[in-house]
Amino acid sequence: MLEIKNLHARIAEDGTEIIRGLNLTVRDGEVAAIMGPNGSGKSTLSYILAGREDYEVTEGDILYNGESILELDPSERAAKGIFLAFQYPIEIPGVATMQFLKVAMNEQRKARGEDELTTPDFMRRVKEAAAELQISPEMLRRPLNVGFSGGEKKRSEILQMALLEPRLCVLDETDSGLDIDALKIVADGVNALRSPDRSVVVITHYQRLLDYIVPDTVHVLYKGQIIKSGDKTLAHDLEANGYADIIEAAA
Amino acid sequence: MPAVQETIDQVRQIDVDQYKYGFETTVEMEKAPKGLSEDIIRFISAKKNEPDWMLEWRLGAYRRWLTLEEPAWARVNYPKIDFNDLYYYAAPKNQSGPMSIDDVDPEIIKTYEKLGIPLREQEILAGVQKSKVAVDAVFDSVSVVTTFKEELKKAGVIFMSISEAIREHPDLVKKYLGTVVPTTDNFYATLNSAVFTDGSFVFVPKGVRCPMELSTYFRINERDTGQFERTLIIAEEGAYVSYLEGCTAPQRDENQLHAAVVELVALDDAEIKYSTVQNWYPGDKDGKGGIYNFVTKRGDCRGKNSKISWTQVETGSAITWKYPSCILRGDNSRGEFYSIAVSNGHQQVDSGTKMIHLGKNTSSRIISKGIAAGVSQNTYRGQVSTHRKAENARNFTQCDSLLIGDRCGAHTVPYIEAKNSTSHFEHEATTSKISEDQLFYCLQRGIPEEAAIALIVNGFVKEVIQELPMEFAVEAQKLISISLEGSVG
């Protein structure tokens, strides 16, 4: 699904190198967790996968289903099935959540040469997915993310993910700002989307989320490189012992 | 939702820098000689078969105008206008006033068809519900057709061109004309009083709710011609009327002048809702050509509990100088101003409102949304004042500006005056850019850049769009997106 090869990337504006030779492979159907201390490049990695222009890839490649995506702009990547759940979802005043969903779904369909959804079909899909995530119709009428609570914002991200049916989901610190009940709802939403042809990259600072979204692999990101990979037990080690030992061993 | 989708489709279909209404109609025209003088004013007045008092009124205004200076306080720049290098009267030959549709030059009918304006009395489709809209069509200096006149007459509503009204209802015109915008008001209004050629007249008698939307469609066609429209709307006690004006002009290299005056009078318990979708030719991408729009619009809430509401969507004109205002004279009267002003390319907009609180317990509400793109300058200029006797006057003002790109400017210039201690004013102003974050978020969801901007802008203006009559809200949304097209990159 995803193959990142010797990736180097920097902030376009000031040239600061953030990703320094990163290698990572995520297979079809795999849930990969990326953990690491603050400032290790976790969020940057998610932005680079999504194609944000603020970052420049200087070396290496990102292959998605065997094809390099470096030349694709963000909306093209999205239409090919790459989805990023934002750590801080953005407010769009005056645009009802429902309206945003419809535009996004239809734009992606258009980009793939598919017909637009009929209104009843669209309504049915939204209703079903929203119910799963305990999202009320009232919330869908509100402007996207405007005045949403932390939990509402994250549920709205997962709702979009469910409706857009991506192949590669990148969750950036989806657990931040969530209480335990909200975390469970969000994790259930993600787990419901796990399938053999859909991969998930879970970026998180804490092990807590991984109790609910159990990963197949865990990778430690430090100073722009993966310094250790393992299975889910690696996350528990990190929780118990912190990053220091691993960082030291890698140095 | 469908409106947004249509917006996007429309934006895609049209090439950058293409003004959709820029075509020219070839009809034989009759013009007054170029320039401005008492003789020209006599010529116009004679063309319109006006009574003597009207001619005197015009001449009085002209003499006054000769003593006035062009105002220079607005944040707009343009070369000095030579007022003697314009035609002040241009009408299709054989048409000195409205006539039966069958007699109108087919070229003119075709023009309005192209513009999507029905001159035949048909029911226009608006969503599910069929609704009627009466139209007064003004072509350069003359009203060519007014529809649904008979049907409106049955309800007691008078809807006709102002030229006809001067002849047919002189007492009403005399009683109200110039009582809201006096001939001495300002440079452009005074000029208009001297040379106005046509416009609409609406009279809704006591207790009548006007049974349909009224609208006037202004078209400038002839080269080097100024359009000086004059509109007068009167709602008697307890009456209600909703009125919409639309404007377009051909695409030309030289600038053309449009200096209109609109007066509204609302007596006790009356309500007037006045909406404008202004789409004059804005000039090309290098700032060449376009209409100079210098307009004085004012409503007088003369009676108690009266209400006047202005809603405007301004997307055209090279220069806009326009401040639709309300004089809140009657106790408990209410004024509203909802505005969307879009500027792109080299457009300059200086627009806003005045809310003058004179009566007790008067209230006003101002919602202004300015969107600037390209190298345009977009200024909100608004005045709220309360008179000594205007106890418990209240105003709420919200001015939001949205910048697209980094070469345009948005400016907010509020003037607030309270002459008593019981006034209550609230003023909120924001300026924002379509943020990189918002764009990236939309892109990441698979929404391409142009569609993303259309979506964000439509969200930004939603509060105002929903004030427009249903039939026109969709049009207005489309128009805004088209105006902003090519603003990214």
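Refer to the structure above for everything that follows.
One structure accompanies this document, and this report is about it. Fair warning: this is a prediction, and the values are worked out from it, not measured in the lab.

Regarding its fold elements, chain B presents eleven helices and 25 strands. Expressed as a percentage of the 489 residues in chain B, the buried residues total 64%. For chain B, contacts bridging at least 24 residues in sequence account for 84% of all contacts bridging at least 6. When the accessible surface of chain B is totalled, it reaches about 18100 Å², and 47% of it is carbon and sulfur.

Another point: the pairing of strand β3 (residues 31-35) of chain A. All names here are of chain A. Buried residues dominate β3, accounting for five of its five residues. Burial along β3 is two-sided: Val31, Ala33 and Met35 and Ala32 and Ile34, pointing in opposite directions, are all buried. Alignment of β3 against strand β8 (residues 199-204), held across five bridges, turns out to be parallel. Its bridge partner being in β8, Ala32 is matched across the sheet by Val201. In this structure, β3 lies alongside strand β9 (residues 217-222), joined through four bridges in parallel fashion.

Next up on the list: the interface of chain B and chain A. At the interface, 24 residues of chain B touch 33 residues of chain A. Approximately 2500 Å² of surface area, both sides summed, lies buried where chain B meets chain A, with 64% of it carried by carbon and sulfur atoms. The largest per-residue losses of area from chain B upon contact with chain A belong to Phe440, Tyr441 and Arg445 of chain B, which jointly make up 31% of the total buried on that side. There are two salt bridges connecting chain B and chain A. The partner of Arg52 of chain A in a salt bridge is Asp437 of chain B, with the nearest N and O atoms 2.8 Å apart. Counting every contact that joins chain B to chain A gives ten residue pairs in polar contact (both at pLDDT 80 or more). Looking at the side of chain B that touches chain A, the elements that each hand over two or more residues are α1 (2-13), α9 (436-444) and α10 (449-465) of chain B. Broken down by element, the side of chain B that touches chain A gets its largest block of residues, eight residues, from α9 of chain B.

Rules used in this analysis
- Residues numbered from 1 in each chain as written.
- Chains lettered and ligands numbered in written order.
- Predicted model: local features only at pLDDT ≥ 70, side-chain atom pairs only at ≥ 80, totals over all residues.
- Heavy atoms only, no water.
- Helix = DSSP H or I, 4+ residues; strand = E, 2+ residues; numbered from the N terminus.
- Buried < 20%, exposed > 50% of the residue type's maximum accessible area, 1.4 Å probe, protein only.
- Contact = heavy atoms within 4.5 Å.
- Areas by Shrake-Rupley, 256 points an atom, 1.4 Å probe, with all protein chains shown as cover.
- Pairing = 2+ DSSP bridges.
- Buried area = accessible area lost by both parts, 1.4 Å probe.
- Salt bridge = Lys/Arg side-chain N within 4 Å of Asp/Glu carboxyl O.
- Polar contact = N/O pair within 3.5 Å; in protein donor to acceptor, adjacent residues only side chain to side chain.

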